[in-house]
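# Structure at a glance
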Amino acid sequence: MTSVDIVYDKTHFRHDPKWSGRLGPAEGGGLLLCVACVIDMLESDDIASVRKSFALSGISGLLKCSPGALRELLQQDHRVSLRFTASLLGMLQTVEDPATLEKVDQVLVQLLLELQSELSFRFVLDEIHKQLSDQLSVKGFLPTFNFLGSLVEAVPNVAHSLVTQFVPLLEHLCSALLYPDEGLKASVLYVWLKLFGTAGGSTAQSLPIAIRDRVCILLLQTLANASSHQLINNSVGLLWLLVQLGDPVSVLMNSSGNQIMCDENQNIPTNNSQILSQNQEQQSLDHCPLPLILKKLLLSGDETLQVTSAKSIAAILVHSPSQYSAPFIKADVPEFLFDRLASSSSEVLLWSVYSCLVLLTEDPLFFSQCHSVYGIESLVRSLKEALRLTNLDVPKQGLLLLTEILERQPPSVRLFPSSLGFVAVSEAVVDGVSSSCLLVATQAANAATALFRLNHQSRPVQYREVQGLVQAITNRFSELPLPSPAYRRSSGSLMRSDPSSQASKSGGFLLQALVCFHAVCRLAEECASEPDLRENTFTAPSKHGHAQDSLESLCQCLLHCCDSVWIPTVIRMCECAPNPQILQFFYFILSSQFTLLPSLMPVFAKKLASSGFYRMALEHKGLLCAGNRNPNLNASCCGFLQKLSMCLLSQSDSAPGSYQQDAEEVENLLLYNLPSLCCRLSDWPCLLGEAPGLQLCDYKGQRATQYCLVIMLHLALQQGDRLLPDQTVFSSVVWLLHTVQEQGSCTLPRSVLRSALYLLAVTQDKSTSLSGDSLNCINKALSSCQSFSSLYIHHPALLHFICRYTELAEKYGPLVLELWLTKKAQDADAELTMAGRQDKGERREHCADERHEQEPDTKIMELLTLLEKYPAVILTLLDMVCTREASLAERALEVLDVFLRGQRHYEADLCTNLRIALLQALQRLSVENMGHGLGEGHSAPVNSLPLVLKLLCVMQASDPPSSFSYSKIDGLHFKLLYHVSNIAGRLKPTNTESLLHALSYLYCCLSLSPAHCTDRAVSMLLSNSGLMNQLQTVLSSSSSSSSSSTPSRSPSAGLPSALLCCSHLLLSSLITSQHVYSAQVHKSISWSLDTAVQRLLVQKRNTDNLLLVSYLRFLQALLDVDLVSTVVCVSTGPGLIGPRPLGVEDGALYPLGSRGAQFLSTALSGLLLQKHELLLRASVNCLSSLLGFLKRKSPTTAKYVVCQPWSRFLLHCLLNSGESCLLHPAVLRLITLLMQHNSTAVLWEPDLLQVMEVVESRGVKELSQEAAQALRLLFTQIQSSVLQPPPTAEHKQRVRSVMESLGPQLPTESCSLSLPSNILCVGDVSICMSDFTVKAD
């Protein structure tokens, strides 16, 4: 034999060449191989093991590099092939060298694979069986068993043949397990391991049951006594394969320790009693040693064994947890499994232990022996570690175990007696919810659901941790990859059928999150019902109100999350493909909010209703609950709709005492009829249009269902959610009322009738007008209610609906208006109550100042719209002013006040009708108060005189200038003037309010009346002694209070300044008119000029501007008649005229005197500087009258007054106050006056030149008519005056150009057109603007 060829030189020459061949790669020449030589070498005892090993290595290499070459040689004669195989098998028994045995094993397997002959496989199995049968002991069969295991692994068909055709050989393999050599046992178990593992375990199904059961028992015995690592590993591996099969598990779990010992004693000739006795105590537990064996493996330090042990336990329990859990639990296996959780971070081990414990929790014995209490801490710690692992299946399984424990834990045994344990598990669940994997987050949410049970809450309850869990789940919503509506429409069915899709995972998380949210809402409700849990005992009292760790903060968190995140997310998820389960819990959650935070529910309910939740819930009922489908969803929708409706009903404007009954009616109707109402909204008109028969129960049946629909239509529409078109609602409600009355009953439940009235009112505008029959039906229905106020709903549509139809307006119009105004008063009182903490004095003053500045509120604006549309309502309001109680009359007057002030387009008969009504009211008041002082209200239920007089003033101020009302003052106007003057004369002096309005009305009438009618008016007024006495009383009171006043006290503090203003204005008109028409005066009035001048000069800072204006108008009228009038007897004092005898000038100017003239001019100059519009006009007009009086009586004094240095200072201040002041008609008139009286205060440059430049820069087109007239008079005066320094020719030309641009001069009378000849209302004082037009001469 050479170093490269495999031949035996001693015998090779005798061998037939056909058994030789050069095999291998052609480029290398190949390897010379003689099969006969190889057989000789293997069978010869003279050949060393090394040479045999070398030959086997060559054959092995040849089989690898030249597949099929050796097979061709051996196929020449199968006997040679079998002999070659037998030689190799024999070596397994004779060779002791491990390396050579390994080569033999390798070559045998390769050879059989090469041959792929069924004959060869049977030959090998037969030979092994013969060897085992011929030997008394299996001591030397370890290599054979190793080879057999390798063969079964390499050739799966051998396993099938072995279990079906070589059962005796299998029995030998079983008997071999009884041999004490652990190495041999390990090799035998290796064979069994490969047999059971072949073809996915299908071979085990063909194994005889007796053999299989014997293997199970022997395996238990072997595993119980194994000590070598290899034997333990093989035993555990075989056990893992067996426990995955159903029948072997039964044998393993039902095998007793005695059975194992008997079987061993029958088959083992050697003495193993010592080993058995060591394990007898362990095997006695329930006669089943397997739990103890697996527990022992858990205690080993080998992680692989621990994993396999846990997996085996899980595999056993999977077959029948109820049957096999108890032995493991009684063996305290859960305790050891929890210990493994606490000490390991291996993904495989953690997952295996989690899975095993999940199955064990199905047995109540697990909890009764307190394994859950023992292991919860270890579980929580391991979960925190598992959530850091990359394999997300591990934390998912751990969270599943936590969920099972929390769900199955008996309520009597607390898992978290202290807050630390609950905080720890909450943190772990929060980490799980925050996981990047949605499946893990979903399982964590499931665990949180179980954690929110009341029996798991520590004492005190950790509301902060519960809130943190809710927020963690809520925060995940923003990360959910919710599909768009278009995507869901196109692939909704695919999503439902593909649970692995991301959208499906999102839906799963959302559903579990809703279940969790529902659980925490239920927990909050349970805590709220128990006082010990509602407030934590250990929280400081000062922190109860705002502590985060409180039930209230938790409820607020739930509402906030629900409102801001949960509702939008669920709506988005279900808008195209509604999910019944998701919606079921969604509506449960919404219902819970009404219980948790009742104080915030009114706002929340309105938001839900206005956002379309009525429509959404009803559509979901119709879509998903029809035909008795999804009863749980139907129940949750009904509960939500009922709570939403009751909450909205509680906010309605029910009459006092009627809400309780209405609430009971509505609650019963909804309770009994909502569950059966599972139709689409489009079907509602048909339901409302049906005429059901007689019903025995008020709350059940088709009629009750119709009532239920009406109520929900009302509540939804009240918040802007139109469930049906307005025309449909209107016609359906009318038809419902018809059908009810046709059945002989006019009485509807009050709550239903109230809703029907609201629906008719709100939907009327978009519907046709009611017919006579329909009106009679509605009138009959409304009449059936004892109190219309219980049907009233504070909505403008109801006002318009009632007033639209005469039949309804006559009967219910006044009542509806009264209820509307009463509601407005109640709202105002409520606002004042809420503002009660503010300073009452400041608020009252602030409201009084702003009352006339603010725009009318919405409720008044609604009434104004009503008045414009239905003018007849005005008379109803007027009747309220005259006949109703004070508060209601004031409200009605306020409405009429705003209406008349803003009204500019009257109907032809409106003013006439109002004046007739007011005249009748005045006549009635005069008759009712005959014998007492007017306005005291002795017989009338309310003192309505001030309100009637004020309304008369308001109407007068609102009468447009173009109206012909004042073209003649006869008939109605004269009667009104007569009655008002008589009433004013009869009023008590203390009735200042009525007197104020009366004097104001008389003043305006006299000022606005045309010239040909004024004589009658002034004569009538001057002949009224009572009126003159009233005026004297007012003036006297003012004089007395002025004489006793201090600088810090108002001169008119004794009576309202407005009353004194009206008196001055009326007297000024009387003086002027009497002078013009020479009317007879029956009683004169005394008035102190000294006091008036003193007030204007000294007390003007403490006097109201309007009062100053009235003084100036009064003085103007007196100066125009040279201070001599039969109406007013002017008195003076030494402060004005000096000591007697009077000088020439004082006598000429009596009763003003020269000193008085200077004082008055100084006072007027000071008032001009205040730049108040009315004060500026009144001051200039009064100065004009003063200068005219002085010029007529004492020209020297007039010259002296206008040439005072003060005049120059006054002019300088006014001309440098801006263009608007410089071009004001009053300022221009002042300059003209000074120039007319040759005052040296006016200079061409810079004064007049500055005026001209401003006019040129602005242009005359922007000037008002009054300003243009005043400017024209000024420039005319400039052309006729001698100025210093004289103007240049250029300046004169510029003056002429401006005059030409102003156009021709208007008649003097037209100056009054520059201001509208209407009435300006300042507070309670009415001022005729024509009296304050700047005088032109």
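Everything numeric in this text was worked out from a predicted model, so none of it was measured.

So, on to the overall build of the protein. The helix and strand inventory of the protein stands at 68 helices and six strands. When each of the 1337 residues of the protein is scored for burial, the buried share is 55%. Once local pairs closer than 6 in sequence are excluded, the contacts in the protein between residues at least 24 apart make up 77%. Accessible area for the protein stands at about 56,500 Å²; split by element, carbon and sulfur atoms hold 52% of it.

Quick look at the packing of helix α66 (residues 1244-1258) against helix α68 (residues 1289-1302) now. Contact pair α66 / α68: the axes reach a minimum separation of 11 Å and the direction vectors enclose 40 degrees. Relative to α68, the element α66 lies oblique. As α66 runs across α68, the sense of the crossing is left-handed. Contacts between α66 and α68 involve Trp1244, Leu1249, Met1252, Glu1253, Val1255 and Glu1256 from the former and His1291, Arg1294, Val1295 and Val1298 from the latter. Split into classes, the residues belonging to the contact of α66 with α68 amount to six nonpolar, one polar and three charged.

Right, let's get into the packing of aromatic side chains. All chains considered together, the criterion is met by 16 aromatic pairs. Consider the rings of tyrosine 587 and phenylalanine 640, whose centres lie 5.5 Å apart with planes at 35 degrees: the pair is tilted. Here the residue tyrosine 587 occupies a position in helix α33 (residues 580-596), and phenylalanine 640 occupies one in helix α36 (residues 631-650), the gap between them amounting to 53 residues. On the basis of relative accessibility, which here comes to 0%, the residue phenylalanine 640 falls in the buried class.

Further remarks concern the environment of glycine 90. Mapped onto the elements, glycine 90 comes out in helix α5 (residues 78-94). With 14 residues separating them along the chain, glycine 90 and valine 104 place their C-alpha atoms 9.7 Å apart.

If a residue is not glycine, its phi is most likely negative; likewise, a peptide bond is most likely trans. The peptide bond linking arginine 459 to proline 460 adopts the cis configuration, its omega dihedral lying at 0 degrees. If you trace the backbone, proline 460 turns up in the loop between α27 (438-451) and α28 (463-476). The omega torsion of the bond from tyrosine 1150 to proline 1151 falls at 10 degrees, within 30 degrees of zero and hence cis. For proline 1151, the position within the fold is in the loop between α59 (1144-1148) and α60 (1153-1168). The phi dihedral of cysteine 370 is positive, around 65 degrees, even though this residue is not glycine. Checked against the element boundaries, cysteine 370 lands in the loop between α23 (364-368) and α24 (371-386).

Let's shift gears to the pairing of strand β5 (residues 1319-1322). The pairing of β5 with strand β6 (residues 1325-1328) spans four bridges and is antiparallel. Within β6, the residue paired with leucine 1320 across the bridge is isoleucine 1327.

Looking now at the nonpolar core. In terms of nonpolar packing, the biggest core is built from 459 residues, with Trp192, Trp684, Phe801 and Trp1087 touching the most fellow members. Setting aside chain neighbours within four positions, we find tryptophan 192 in contact with Leu170, Leu173, Cys174, Leu177, Leu207, Ile211, Val215 and Leu238.

Packing of helix α10 (residues 167-176) against helix α13 (residues 209-225) brings their axes to within 10 Å, and their N-to-C directions diverge by 10 degrees. Here α10 is positioned roughly parallel relative to α13, judged by the angle of their axes. Only Ile211, Arg214, Val215 and Leu218 of α13 make contact with α10, whose side of the interface consists of Val167, Leu170, Glu171, Cys174 and Ser175. The residue makeup of the contact of α10 with α13, split by class, is six nonpolar, one polar and two charged.

Structurally, glutamine 409 can be placed in the loop between α25 (393-408) and α26 (419-433). In this structure the side chain of glutamine 409 is engaged in a polar contact, spanning 2.5 Å, whose partner is the side chain of serine 372. Within polar-contact distance, the side chain of glutamine 409 engages the backbone oxygen of valine 413 at 3.1 Å. Beyond its immediate sequence surroundings of up to four residues, glutamine 409 is in contact with Phe367, Ser372, Val373, Leu415, Asn455 and His456.

Turning our eyes to something else, we now look at helix α20 (residues 321-330). Listed in full, the buried residues belonging to α20 are Pro321, Tyr324, Ser325, Pro327, Phe328 and Ile329. Phi turns positive, to about 60 degrees, at aspartate 332, one or two residues after α20.

By the definition in use, this model includes 22 salt bridges. Across the pair glutamate 153 and lysine 194 runs a salt bridge, and its minimum N-O distance is 3.6 Å. With glutamate 153 in helix α8 (residues 142-154) and lysine 194 in helix α11 (residues 182-197), this pair connects stretches of sequence that are 41 residues apart. When the shortest N-O distance is used, the salt bridge between aspartate 1122 and arginine 1192 registers 2.7 Å. Here arginine 1192 lies in helix α61 (residues 1173-1193) and aspartate 1122 lies in the loop between α57 (1105-1120) and β4 (1128-1131), a separation of 70 residues in the sequence. On the basis of relative accessibility, which here comes to 48%, the residue arginine 1192 falls in the partly exposed class.

When you line up the elements, serine 187 lands in helix α11. When sequence neighbours within four positions are dropped, the list of residues in contact with serine 187 reads Leu142, Phe145 and Asn146.

Let us now look at the confidence of the model for the protein. On average, residues of the protein carry a pLDDT of 81, and 84% of them reach 70 or more. In this model residues 832-854 is a low-confidence stretch, pLDDT under 50, and it forms four contacts with partners more than four residues away in sequence or in other chains. The low-confidence segment residues 1044-1053, where pLDDT is below 50, has 20 contacts with residues more than four positions distant or belonging to other chains.

Okay, α11 next. For α11, spanning 16 residues, the distance from its first C-alpha to its last is 22 Å, which sits close to the expected 22 Å at 1.5 Å a residue. Counted residue by residue, α11 has 13 buried out of 16 residues, so it is predominantly covered. For α11, the N-terminal cap is aspartate 181; the gap from its side-chain oxygen to the backbone nitrogen of glycine 183 is 3.1 Å.

Moving on: the state of the cysteines. This model, assessed by the stated rule, comprises zero disulfides. Of all cysteine sulfurs in the structure, the one in cysteine 625 sits closest to cysteine 637, which takes part in no disulfide; the separation is 5.5 Å. Cysteine 1062 provides the cysteine sulfur closest to cysteine 1061, a residue in no disulfide bond, and the two sulfurs are 6.7 Å apart. Residue class for cysteine 1061 comes out buried when judged on its relative accessible area of 1%.

So, on to the environment of leucine 523. Locating leucine 523 in the fold gives a position in helix α30 (residues 502-529). Excluding anything up to four places from it in sequence, leucine 523 contacts Phe452, Arg453, Leu454, Gln457 and Val466.

About the criteria used
For every chain, the first residue of the written sequence is number 1, and numbering continues from 1 along that sequence. Only residues with pLDDT of 70 or above have their local features reported here, since the model is predicted, and side-chain atom pairs are shown and tallied only from 80 upward, although totals for entire chains, interfaces and linings are computed over all residues. Note that water and hydrogens are dropped before the side-chain values are worked out from all heavy atoms of the structure. For helices the rule is a DSSP run of H or I covering at least 4 residues; for strands it is a run of E covering at least 2, with both sets numbered from the N terminus onward. Each residue is placed in one exposure class: buried if its accessible area under a 1.4 Å probe, protein chains only, is under 20% of its type's maximum, exposed if it is over 50%, and partly exposed if it falls in between. The contact criterion used is simple: two residues touch if any of their non-hydrogen atoms lie within 4.5 Å. For accessible areas, the Shrake-Rupley method is used with a probe of radius 1.4 Å. Any residue's cover is judged against the shown protein chains and nothing else. Axis definition: a line fitted to C-alpha atoms, limited for helices to the stretch in contact. Angles are taken between N-to-C directions and run from 0 to 180 degrees. Here the word oblique covers every angle except those under 35 degrees (roughly parallel), over 145 (roughly antiparallel) and from 65 to 115 (roughly perpendicular). Should the near helix be turned anticlockwise from the far one by less than a right angle, the crossing is left-handed, and should it be turned clockwise, the crossing is right-handed. Each residue gets one of three labels, nonpolar for Ala, Val, Leu, Ile, Met, Phe, Trp, Tyr, Cys and Pro, charged for Asp, Glu, Lys and Arg, and polar for the others, Gly among them. Aromatic rings from Phe, Tyr and Trp, with only the six-membered ring used for Trp, were paired whenever their centres fell within 6.5 Å, and each pair was classed as stacked if the ring planes differed by under 30 degrees, edge-to-face if by over 60, and tilted otherwise. Criterion used throughout: strands pair if DSSP finds at least two bridges between them. Here, nonpolar core refers to any group of buried Ala, Val, Leu, Ile, Met, Phe, Trp, Tyr and Cys residues whose side-chain atoms link them within 4.5 Å. Pairing of N or O atoms within 3.5 Å defines a polar contact, subject to two protein rules: one partner must be a possible hydrogen donor and the other a possible acceptor, and residues neighboring in sequence count only if both atoms are side-chain atoms. Here, a salt bridge means any Lys or Arg side-chain nitrogen found within 4 Å of an Asp or Glu carboxyl oxygen. The quantity known as pLDDT measures the predictor's confidence residue by residue, on a range of 0 to 100. Multiply 1.5 Å by the residue count of a helix minus one, and that product is the helix's expected span. To count as a disulfide, a pair of cysteine sulfur atoms needs to be within 2.5 Å.

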